[in-house]
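The residues making up each chain are set out below.
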Amino acid sequence: MVTMSMYVDILSSALDTWVDELAGSALVEYVLACRAEMLEIDPRYGETAYSSLAAEVAYDRALIKLCEMNYVTVTATDFAFPSQERARLERKLATVGIDLVGLARRRRANLKLLAPPSRQP
């Protein structure tokens, strides 16, 4: 009998239902959007555990697809400790030219530039 964490089971099911045919820059943008959403969820501000779980699964599923497209070895069973596996995969992707952390920083900076100035009374 193989033991599997509940998170690995949920992630595996989510991977089985992946239907998007994203590739290239569209997939990278999707991964960055999922990553940003996952990092923004904060239970202290009323978000539920369900919201947090959904955001983590969405990011991990997209991250796995990005790894597969770039020949980075990954399996859902490696996500028994999700945050450690995410960090490992982000480092591996950086070695093949996709620095998600750097891209996310630039994306946030660009979004701040596009945001309208705040009004001060």
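Shown above is the structure to which this text applies.
Residues numbered from 1 in each chain as written. Predicted model: local features only at pLDDT ≥ 70, side-chain atom pairs only at ≥ 80, totals over all residues. Heavy atoms only, no water.

A. Geometry of the overall build of the protein. When its secondary structure is counted, the protein shows five helices and zero strands. Secondary structure elements of the protein, listed N to C terminal, follow the sequence α-α-α-α-α. Among the 121 residues that make up the protein, the fraction classed as buried is 33%. Split by element, the accessible area of the protein, about 8,300 Å² in all, is 57% carbon and sulfur. (Helix = DSSP H or I, 4+ residues; strand = E, 2+ residues; numbered from the N terminus. Buried < 20%, exposed > 50% of the residue type's maximum accessible area, 1.4 Å probe, protein only. Areas by Shrake-Rupley, 256 points an atom, 1.4 Å probe, with all protein chains shown as cover.)

B. Structural view of the pattern of salt bridges. Within this structure, the stated rule accounts for five salt bridges. Where Arg35 meets Glu90, a salt bridge forms, and the shortest distance between an N and an O atom there is 3.1 Å. Here Arg35 is found in helix α2 (residues 24-40), whereas its partner Glu90 is found in helix α4 (residues 82-95), with 55 residues between them in sequence. A salt bridge links Arg88 to Glu85; its shortest N-O distance comes to 2.8 Å. (Salt bridge = Lys/Arg side-chain N within 4 Å of Asp/Glu carboxyl O.)

C. View of a nonpolar patch on the surface. On the surface, Met6, Ile10 and Leu53 cluster together into a nonpolar patch covering about 270 Å² of accessible area. Structurally, Ile10 is set in helix α1 (residues 6-16). Its relative accessible area of 30% is what places Ile10 among the partly exposed residues. (Patch = residues over 30% accessible without salt bridge, like charges linked within 9 Å, V, L, I, M, F, W, Y side chains within 5 Å.)

D. Spotlight on unusual backbone geometry. Even without being glycine, Tyr71 reaches a positive phi, approximately 60 degrees. Along the polypeptide, Tyr71 turns up in the loop between α3 (49-69) and α4.

E. Molecular detail of the packing of α3 against α4. Following both chains from N to C, one finds α3 and α4 inclined at 35 degrees, their axes separated by 11 Å at the closest point. As for how α3 packs across α4, the hand of that crossing is left-handed. Contact residues: α3 offers Glu56, Tyr59, Asp60, Leu63, Leu66 and Cys67, while α4 offers Pro82, Arg86, Leu89, Glu90 and Leu93. Looking at the contact of α3 with α4 residue by residue, the class counts come to seven nonpolar, no polar and four charged. (Axes fitted to C-alpha atoms, helices over the stretch in contact; angles between N-to-C directions. Left-handed = near helix turned anticlockwise from the far one by under 90°. Contact = heavy atoms within 4.5 Å. Nonpolar A, V, L, I, M, F, W, Y, C, P; charged D, E, K, R; others polar.)

F. Geometry of the nonpolar core. In this structure, Leu11, Leu66, Phe79, Leu93 and Leu100 are the most contacted members of the largest nonpolar core, which totals 30 residues. Listing elements by their share of this core, those giving two or more residues are α1, α2, α3, α4 and α5 (100-114). Element by element, the count of residues in this core is highest for α3, at eight residues. (Core = buried A, V, L, I, M, F, W, Y, C linked by side-chain atoms within 4.5 Å.)

Keep in mind these numbers describe shape, not what the thing actually does.
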